[in-house]
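If you want the building blocks of each chain, they are given just below.
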Amino acid sequence: QVQLVESGGGLVQPGGSLRLSCAASGFTFSNFRMFWYRQAPGKERELVASILSGSPNYADSMKGRFTISRDNAKSTVYLQMNSLQPEDTAVYYCGARHQLSTIIYWGQGTQVTVSS
């Protein structure tokens, strides 16, 4: 079965950095587009970035500060987040979708809190 386990969240001061990881299992990782979404309190879940192969895609508001990458040998996707601001506070979710499907599988999420 598909399993996605996020890690790397925590409390960071404004201007700081975090790297999130999402370890995947139960499917052929290289055939799946991987996503990072986030959901802040009282807001809808929003796309951060996605990657399959080649160039990744980013939400416009995330460009320049966030970098998504993947290691197919480790079945892991990463999200490097720099220059974090309080408005980046959210639960960050990893998602996986086969390139020929519309179904997205989700991890349990990891909390990122940006505060002084």
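What comes next is a walk through the structure. Just so it is clear, the structure is predicted and the values come from calculations on it, not from any experiment. (Residues numbered from 1 in each chain as written. Predicted model: local features only at pLDDT ≥ 70, side-chain atom pairs only at ≥ 80, totals over all residues. Heavy atoms only, no water.)

Observations concerning the sheet that holds strand β8 (residues 76-81)
Note the following rule: In this analysis, strands are considered paired if DSSP registers two or more bridges between them. Only DSSP runs of H or I covering at least 4 residues are called helices, and only runs of E covering at least 2 are called strands; the numbering of each starts at the N terminus. Axes here mean lines fitted to C-alpha atoms, for a helix over just the part in contact, with angles spanning 0 to 180 degrees between N-to-C directions.
With antiparallel pairing, the 4 strands of this open sheet are ordered in space as β1-β3-β8-β7. At either margin of the open sheet sits one strand with a lone partner, and together these are β1 (3-7) and β7 (66-71). On average, each strand axis in the sheet is tilted by 15° relative to the strand beside it, whichever way the strands run.

Quick look at the nonpolar core
The condition is simple: The criterion is simple. A nonpolar core is a set of buried Ala, Val, Leu, Ile, Met, Phe, Trp, Tyr and Cys residues joined through side-chain atoms within 4.5 Å. Buried, partly exposed and exposed residues are distinguished by accessible area as a fraction of the type maximum, computed with a 1.4 Å probe on protein chains only: under 20%, between the cut-offs, and over 50%, respectively. We call two residues contacting when some pair of their heavy atoms lies within 4.5 Å.
By size, the foremost hydrophobic cluster in this structure holds 29 residues, and its most contacted members are Met34, Trp36, Val77, Leu79, Met81 and Tyr92. Secondary structure elements with two or more residues in this core: β3 (18-25), β4 (32-39), β5 (46-51), β7, β8, β9 (90-98) and β11 (110-114). In this view, Tyr92 contacts Glu6, Leu20, Trp36, Tyr37, Arg38, Val48, Phe66, Leu79, Met81, Gly109, Thr110 and Val112; residues no more than four positions away in its chain are not counted.

Regarding the packing of aromatic side chains
Basically, it comes down to this: A pair of aromatic rings is counted whenever rings of Phe, Tyr or Trp (Trp by its six-membered ring) have centres within 6.5 Å, and the orientation is called stacked for planes under 30 degrees apart, edge-to-face for over 60 and tilted otherwise. Any Lys NZ or Arg CZ that is within 6 Å of a ring centre and within 35 degrees of that ring's normal is treated as a charge sitting over the ring.
Evaluated as defined, the whole model comprises 4 aromatic pairs. For the pair Phe35 and Tyr37, a centre-to-centre distance of 5.9 Å together with 45° between the ring planes defines the contact as tilted. The interplanar angle of 85° and the centroid separation of 5.1 Å between the aromatic rings of Tyr37 and Trp106 together place this pair among those described as edge-to-face. In this pair, Tyr37 sits in strand β4 while Trp106 sits in strand β10 (residues 105-106), placing the two residues 69 residues apart along the sequence. Here Tyr37 falls in the buried class, since its relative accessible area comes to 17%. Joined through ring pairs, the aromatic side chains of Phe27, Phe29 and Phe32 make up one cluster. The lysine or arginine in question, Arg45, covers the ring of Tyr93, its NZ or CZ lying 3.7 Å from the ring centre. One Lys or Arg, Arg70, reaches over the ring of Phe29 and ends 4.4 Å from the middle of that ring.

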